Amino acid sequence: MSEEVFRSVWGFFSVYVVLFCLMLLLLLALGMDIRTAFGSLVVCLANTGTSTKTKIHIHTNDPGHLFDVCRQHGILKGEKADDMIQQQHSTLKRNRGVAILTDSAADFTDDTTNDVNIHIVPLLITIDSKSYIDKISITPNEFYRAYEQSPDRTKTSQPSLGDFKRQYEYLTSHYESIIALHIPQCSSGTMDTSLNAAKMLTKNNEVTVIDTRHVSAAQGMIVEYAAKAAQLGYDRDTITTMTLNIIKQTKQYAIISDLSYAVKGGRVAKYKQRILNLIKATPILGFSEQGKPILLTIVRNNSKKLIKFIKYINKNLENNSQYRIVIEHCNNIEGANTLLHLARETFTNVEKIDIVEVSPALGVHTGPGALGIATQVITEIKPSND
């Protein structure tokens, strides 16, 4: 090797080491622990690949836009996105007891995950052979525009074993135990994958995996309840018992005027759609104790169907309980606002009503326009005495 080449390589290496040390000191000054800071810098300063493939690691506050730019220059595979702000939050509060993990089928109101520190492993969506990370690399509005153009070429899949393993390994280094709360096992392989990943852990952290038996906002409310209990200092076993109890106090209802998307996804038999169309009826759906969608009743498909939907739910609310309500919609904010108005006029024992947009990974099976309501009995969580 010539002396000139040697000096160039050594010069580059020296600059690399100096920058690494400066950034490491900066991260440590901001409160990050040495292990997390060192690991973040190693991957952040690395860019590997070949003439036909490049692995890119970038920190950005808009990963969806980054993925779009990358798709313009080639085929994108193996997308991953980590919330570094949430990781920093966990690092500063490490070993705080119980971590709460869920999947992106759970829908939350604004800032819920930041308020109570919920960790999420996203589901995956494929449209025209292009893969997307649910809620990260594709927004609900972007999804429904693309979905209406290619409904037959759109599908979802559960997170990979590697995605769960990576998240579990991170959480075990910051928490004493983990509770994972997932989309119903009868509807997705997500829970099975989570269980398999938990079995691969080398550390002795205790992991509990629970089937929430609900999706969207109902799943989100259950997860939020568990996270609040964790924040108040309860241990894994107590939170597990509390969560199983709140699942029984959580109900979910949906009204889907267009069943063609559910038929295409294999969730509803074609003959059932034909019968409902023939009698001009709209189904009201709920969930069984196992988390399987079931038909509760039908209403006439006319301008009063949402009124009847609200009245049906109101009949199922217990008079001696106070409720939290979350209205769910699939690209149908107008319908959600109508339900909000009707709910305020009808429900007398509801303390809070919110609106959320349903995850694109769930919208694949319902299609645009679907509406839902999740109800949960308000149960106070007092600070732990421990």
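For the structure itself, look to the data block above.
Since we're looking at a predicted model, the values are computed, not measured.

Brief notes about the overall build of the chain
Each helix and strand counted, the chain has 15 helices and 15 strands in total. Counting the 386 residues in the chain, one finds 47% classified as buried. Across the chain, contacts joining residues at least 24 apart in sequence account for 75% of those joining residues at least 6 apart. For the chain, the accessible surface area stands at approximately 20,900 Å², while carbon and sulfur atoms represent 53% of it.

Overview of the packing of helix α7 (residues 161-172) against helix α8 (residues 190-199)
Close contact between α7 and α8 brings their axes to 9 Å; oriented N to C, the two are set at 50 degrees. As the angle between them shows, α7 and α8 are arranged oblique. The hand of the α7/α8 crossing is right-handed. When α7 is examined against α8, the residues Leu 161, Phe 164, Lys 165 and Tyr 168 are found in contact with a partner set consisting of Thr 190, Thr 193, Ser 194, Asn 196, Ala 197 and Ala 198. Counted by class, the contact of α7 with α8 contains five nonpolar, four polar and one charged residues.

Details of the sheet that holds strand β6 (residues 130-133)
Ordered by their spatial adjacency, three strands build an open sheet running β6-β5-β7, and the pairing between neighbours is antiparallel. Of all the strands in the sheet, just β6 and β7 (154-157) have a single pairing partner and so form its edges. The mean angle between the axes of side-by-side strands here comes to 25 degrees, regardless of whether they run parallel or antiparallel. The sheet contact formed by strand β5 (residues 124-127) and β7 spans four bridges and is antiparallel.

A word on a nonpolar patch on the surface
Taken together, the side chains of Tyr 271, Ile 275, Leu 278, Ile 279, Leu 295 and Ile 298 define a hydrophobic patch exposed on the protein surface, amounting to about 620 Å² of accessible area. Within the residue set of the nonpolar patch, elements represented by two or more residues are α12 (270-278) and β12 (293-300). With three residues, the single largest contributor to the nonpolar patch is α12. For Ile 298, the position within the fold is in strand β12. Assessed through its relative accessible area of 38%, Ile 298 is described here as partly exposed.

Some details on the pairing of β12
Sheet topology note: the strand β11 (residues 281-287)/β12 ladder contains seven bridges and is antiparallel. What sits directly across from Thr 282, in β12, is Val 299. Connecting β11 to the next strand, β12, in antiparallel fashion are five residues, including Gly 291 with a positive phi near 90 degrees.

Topic: the pattern of salt bridges
Counted according to the given criterion, the structure contains eight salt bridges. Between Asp 354 and Lys 352 there is a salt bridge, with its nearest N and O atoms 3.8 Å apart. We classify Lys 352 as partly exposed; its relative accessible area is 43%. The structure contains a network of salt bridges with shared partners spanning Glu 224, Lys 228, Arg 324, Lys 352 and Asp 354.

Considering the nonpolar core
Formed by 24 residues in total, the largest nonpolar core has its most connected members in Phe 309, Leu 339, Phe 347 and Ile 373. Put simply, the parts of the chain that give this core at least two residues each are β10 (250-255), α13 (305-315), β13 (323-329), α14 (333-346), β14 (350-357) and β15 (371-377). Formed by 23 residues, the second largest nonpolar core is a distinct cluster that contains Ile 125, Ile 138, Leu 259 and Leu 285.

Conventions and cut-offs
Numbers given to residues run from 1 along each chain, matching the order in which its sequence is written. Given that the model is predicted, a residue must reach a pLDDT of at least 70 before its local features are reported, and side-chain atom pairs must reach 80 or more before they are shown or counted; all residues, however, enter totals for whole chains, interfaces and linings. Side-chain descriptors were evaluated using all non-hydrogen atoms of the structure, hydrogens and water having been removed beforehand. The helix and strand labels rest on DSSP assignments: H or I over at least four residues marks a helix, E over at least two residues marks a strand, and numbering proceeds from the N terminus. Working definition: with a 1.4 Å probe on protein chains only, accessible area under 20% of the residue-type maximum means buried, over 50% means exposed, and in between means partly exposed. Only heavy atoms matter for contacts: two residues are in contact if any of them lie within 4.5 Å across the pair. Surface accessibility follows the Shrake-Rupley procedure with a 1.4 Å probe radius. Residue values consider only the protein chains on display as shielding. In this description, a line fitted to the C-alpha atoms serves as the axis of each element, helices being fitted only across the stretch in contact, and the angle between N-to-C directions of two axes falls anywhere from 0 to 180 degrees. Our angle categories are set so that under 35 degrees counts as roughly parallel, over 145 as roughly antiparallel, 65 to 115 as roughly perpendicular, and the remainder as oblique. Left-handed describes a crossing whose near helix is turned anticlockwise from the far helix by less than a right angle; the clockwise case is right-handed. All residues other than Ala, Val, Leu, Ile, Met, Phe, Trp, Tyr, Cys, Pro, Asp, Glu, Lys and Arg, Gly among them, are scored as polar; the first ten of these are nonpolar and the last four charged. Paired strands, in this sense, are two strands between which DSSP finds at least two bridges. Residues forming no salt bridge and having over 30% relative accessible area are the ones grouped into patches, like charges within 9 Å of each other and nonpolar side chains (Val, Leu, Ile, Met, Phe, Trp, Tyr) within 5 Å. Whenever a carboxyl oxygen of Asp or Glu lies within 4 Å of a side-chain nitrogen of Lys or Arg, that contact is scored as a salt bridge. In plain words, nonpolar cores are sets of buried Ala, Val, Leu, Ile, Met, Phe, Trp, Tyr and Cys residues tied together by side-chain atoms within 4.5 Å.

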